[in-house]
Amino acid sequence: MPNSKEKYTVLATKNAEALLGGGQDRIDAQHKKGKLSARERIDFLLDEGSFEEIGKFVMHRTRDFGMDKQHFLGDGVVTGYGTINGRLIYVFSQDFTVFGGSLSEAYAEKICKIMDLAMKNGAPIIGLNDSGGARIQEGVVSLAGYADIFYKNTQASGVIPQISAIMGPCAGGAVYSPAITDFIMMVENTSYMFVTGPNVVKTVTHEDVTSEELGGASTHSTKSGVTHFSCANEIECINNLKKLLSYLPQNCEDNAPMEDYEEKTGAGESLPSLDSIIPENPNQPYDMREVIETVVDKDSFFEVHKNFAENIVVGFARLAGRSIGIVGNQPAVLAGVLDINSSTKAARFVRFCDSFNIPLLVLEDVPGFLPGTDQEWHGIITNGAKLLYAFCEATVPRITVITRKAYGGAYDVMNSKHIGADMNYAWPTAEIAVMGAKGAAEIIFKAEISSAENPTEKLNEKVEEYDRKFANPYRAAYRGYIDEVIMPNETRQKLIRAFKMLENKVVVAPRKKHGNIPL
Ligand code: HXC
């Protein structure tokens, strides 16, 4: 008879290990699909040897629902904590080898337990998703488990960063937990997300569509905007998770870590290449990413939502070692116009940065909002207001640099001083006015132009006059709406100093339960 210590040892090693996960055959099947196992993913994600598993011996209760053959320990999810680059992180990793990673009562309890720990201890939580959805045998108990997680996701929102990686199926209501989290990453060709799958779609709408077309990484990173990152494989996805975390604080009371940096140019941070970046012709595009990459610390720009609504660029970067969030209009796509998708993309990013004390830099070159029935009928009013609202309520340090166009309502919306920005700079090439010169001249000089001997010549003359008188940064600077007109080459130095000056900024917001952002 083994004594009790021996019994314990047997349970903790041989039997337990044998019962953890769905076995080697199923792990091999994962590998054949180009997927890692739940535990391998954790190994790649966390610092070596740092993982502490919680709930290893939790037994599923699916046997209570007539499934008494399988007795997997830990159920279909591996949960625990560890470190990434020495910083505490909580993680759950869904195990497709156990009941297809489907979510049961015990499984949901394990996730909720580490979410509670993450919130109490103020550290980010990462969910690695690979699941067939609600465990069919457990019925409503499984649905209840999902709802418990959704509720905790919402409680944790704005308290700790929550990041979801989709590394396999994620279907039905299961999609709503990742959707509530702050960032979603998807792996190309091996993951998908949809509310109803291809078979249901076929029955209801008679559309023939594959899982990949309906809800693969490419679809969600370009068409729907559901995912923020599309990754070539799981390793790239895990590396992106680590990189993203490096820009974030641990929780809403913390600041993002500062990194060491070297002076960028060795010439007092001067960047002469920026002086010639704006084309002579104001209607010619240039790439705002080039401006961003020139201004920020070397190789520090990490773009978010890269392939969605490309007329606006958002992402994290470092400026003199400080983590910042960047929103830049992109003149190279649709002339940088604001539309529904770019407004919602940027609004969500601004709100994330504001929740987690990440200062905001706006690089502005925007001709206005996109006209047309499509935009009006799909709600550019409500959706444009999201971006306006997000900037208005943000209390983090906020700086804008107007590189070229700042026309109409878009001037107000893009982090103007009027809606609470701390500093607004303009390059000498800035055009700040109600509308572009030609449209404006045609309206205000209408009579003069139509009665002229040569109306075209008169129009050109008036356009030139309007440009000179109105479409420049100085009228705004005379009023103090622009704090300084700066040479492009000075931009980095000005921004470094201004963000340093703003680092102890405090804003006392009016007392309220919460605002009502136009959703
Ligand atoms: C229980 C499940 C399961 C589930 C898969 N399995 N999904 N067990 N509940 N939801 C089991 C299978 O029986 C199988 O067990 C093993 O997992 C692997 O599944 P396969 O079908 O062999 O794998 P594959 O061919 O790769 O297909 C994966 C799949 C498919 C596409 C995910 O299994 C599937 O369609 N599952 C059902 C998905 C679904 O409809 N879920 C409910 C969605 S609604 P064995 O022992 O045979 O290997 C939902 C509501 C949530 O989730 C609501 C929240 C509010």
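These remarks concern the structure in this document. Values in this document were obtained by computation on a predicted structure and should not be read as measured data. (Residues numbered from 1 in each chain as written. Predicted model: local features only at pLDDT ≥ 70, side-chain atom pairs only at ≥ 80, totals over all residues. Heavy atoms only, no water.)

**A short note on the overall build of the protein chain**
Along the protein chain, the regular secondary structure elements total 20 helices and 17 strands. Taken over the C-alpha atoms alone, the protein chain extends approximately 110 × 55 × 45 Å along its principal axes. Among the 519 residues that make up the protein chain, the fraction classed as buried is 51%. Across the protein chain, the fraction of contacts at a sequence separation of at least 24, relative to all contacts at a separation of at least 6, is 73%. As presented, the protein chain carries roughly 24,000 Å² of accessible surface, and 53% of it is formed by carbon and sulfur atoms. Between the averaged position of the 53 positive side-chain charges in the protein chain and that of its 66 negative side-chain charges there is a distance of 5 Å. (Helix = DSSP H or I, 4+ residues; strand = E, 2+ residues; numbered from the N terminus. Buried < 20%, exposed > 50% of the residue type's maximum accessible area, 1.4 Å probe, protein only. Contact = heavy atoms within 4.5 Å. Areas by Shrake-Rupley, 256 points an atom, 1.4 Å probe, with all protein chains shown as cover. Lys, Arg positive; Asp, Glu negative; His and termini not counted. Charge placed at Lys NZ, Arg CZ, Asp CG, Glu CD.)

**As for the site of the ligand**
Within the structure, the ligand sits among 20 residues, and Arg26, Gly100, Gly132, Ala134 and Ile136 are positioned closest to it. Contact distances for the ligand include 3.3 Å between an oxygen atom and a side-chain N or O atom of lysine 33. Look at the ligand: alone it shows 1,000 Å² of surface, and the protein chains cover 54% of it. At the level of secondary structure, the elements contributing two or more residues to the shell around the ligand comprise α5 (140-156) and β6 (169-171). With three residues, α5 is the single largest residue contributor to the shell around the ligand. (Near = heavy atom within 4 Å. Polar contact = N/O pair within 3.5 Å; in protein donor to acceptor, adjacent residues only side chain to side chain.)

**Comments concerning the pattern of salt bridges**
Using the criterion set out here, one finds 27 salt bridges in the structure. Glutamate 234 is the salt-bridge partner of arginine 41, the closest N and O atoms lying 2.8 Å from each other. With arginine 41 in helix α3 (residues 38-45) and glutamate 234 in helix α10 (residues 234-246), the pair connects residues that are 193 residues apart, well separated along the chain. A relative accessible area of 0% means that arginine 41 is categorised as buried. Assessed through its relative accessible area of 3%, glutamate 234 is described here as buried. In this structure, glutamate 393 engages arginine 351 in a salt bridge whose closest nitrogen and oxygen atoms are separated by 2.6 Å. With glutamate 393 in helix α14 (residues 380-393) and arginine 351 in helix α12 (residues 340-355), this residue pair connects regions lying 42 residues apart in the sequence. Taken together, the shared-partner salt bridges in this structure form one network comprising Lys35, Arg41, Asp130 and Glu234. (Salt bridge = Lys/Arg side-chain N within 4 Å of Asp/Glu carboxyl O.)

**Observations regarding the state of the cysteines**
Applying the stated criterion to the full structure yields zero disulfides. You can see cysteine 170 has no disulfide; the closest cysteine sulfur is in cysteine 237, sitting 13 Å from it. Note on cysteine 252: no disulfide assigned, nearest cysteine sulfur contributed by cysteine 353 at a separation of 14 Å. (Disulfide = S-S within 2.5 Å.)

**Regarding the packing of α3 against α10**
Packing of α3 against α10 leaves a shortest axis separation of 10 Å and a crossing angle of 45 degrees. By the angle class used here, α3 and α10 are oblique. At the point where α3 passes α10, the crossing takes the right-handed sense. Contacts between α3 and α10 involve Arg41, Phe44 and Leu45 from the former and Glu234, Ile235, Ile238, Leu241 and Lys242 from the latter. When the residues that make up the contact of α3 with α10 are grouped by side-chain class, the tally is five nonpolar, no polar and three charged. (Axes fitted to C-alpha atoms, helices over the stretch in contact; angles between N-to-C directions. Parallel < 35°, antiparallel > 145°, perpendicular 65-115°, else oblique. Left-handed = near helix turned anticlockwise from the far one by under 90°. Nonpolar A, V, L, I, M, F, W, Y, C, P; charged D, E, K, R; others polar.)

**Re the side chain of serine 50**
Structurally, serine 50 is set in the loop between α3 and β1 (52-53). In this structure the side chain of serine 50 is engaged in a polar contact, spanning 2.8 Å, whose partner is the backbone oxygen of aspartate 47. Apart from residues no more than four positions distant in its own chain, serine 50 is found in contact with Tyr81, Gly82 and Thr83.

**Topic: the pairing of strand β14 (residues 398-407)**
Most of β14 is tucked away, with ten of its ten residues classed as buried. Across six bridges, strand β13 (residues 360-366) lies against β14 in parallel orientation. Directly across from valine 366, in β14, lies its bridge partner alanine 406. Alignment of β14 against strand β15 (residues 423-426), held across four bridges, turns out to be parallel. Bridging across to β15, isoleucine 402 finds its partner in alanine 426. The β-α-β motif built from β14, the intervening helix α15 (residues 408-413) and the parallel element β15 has right-handed crossover chirality. In terms of strand pairing, β14 meets strand β16 (residues 431-433) through three bridges, oriented parallel. Among the inter-strand pairings, tyrosine 407 is bridged to a residue of β16, identified as alanine 433. (Pairing = 2+ DSSP bridges. Right-handed = clockwise from strand over helix to strand, strands pointing away.)

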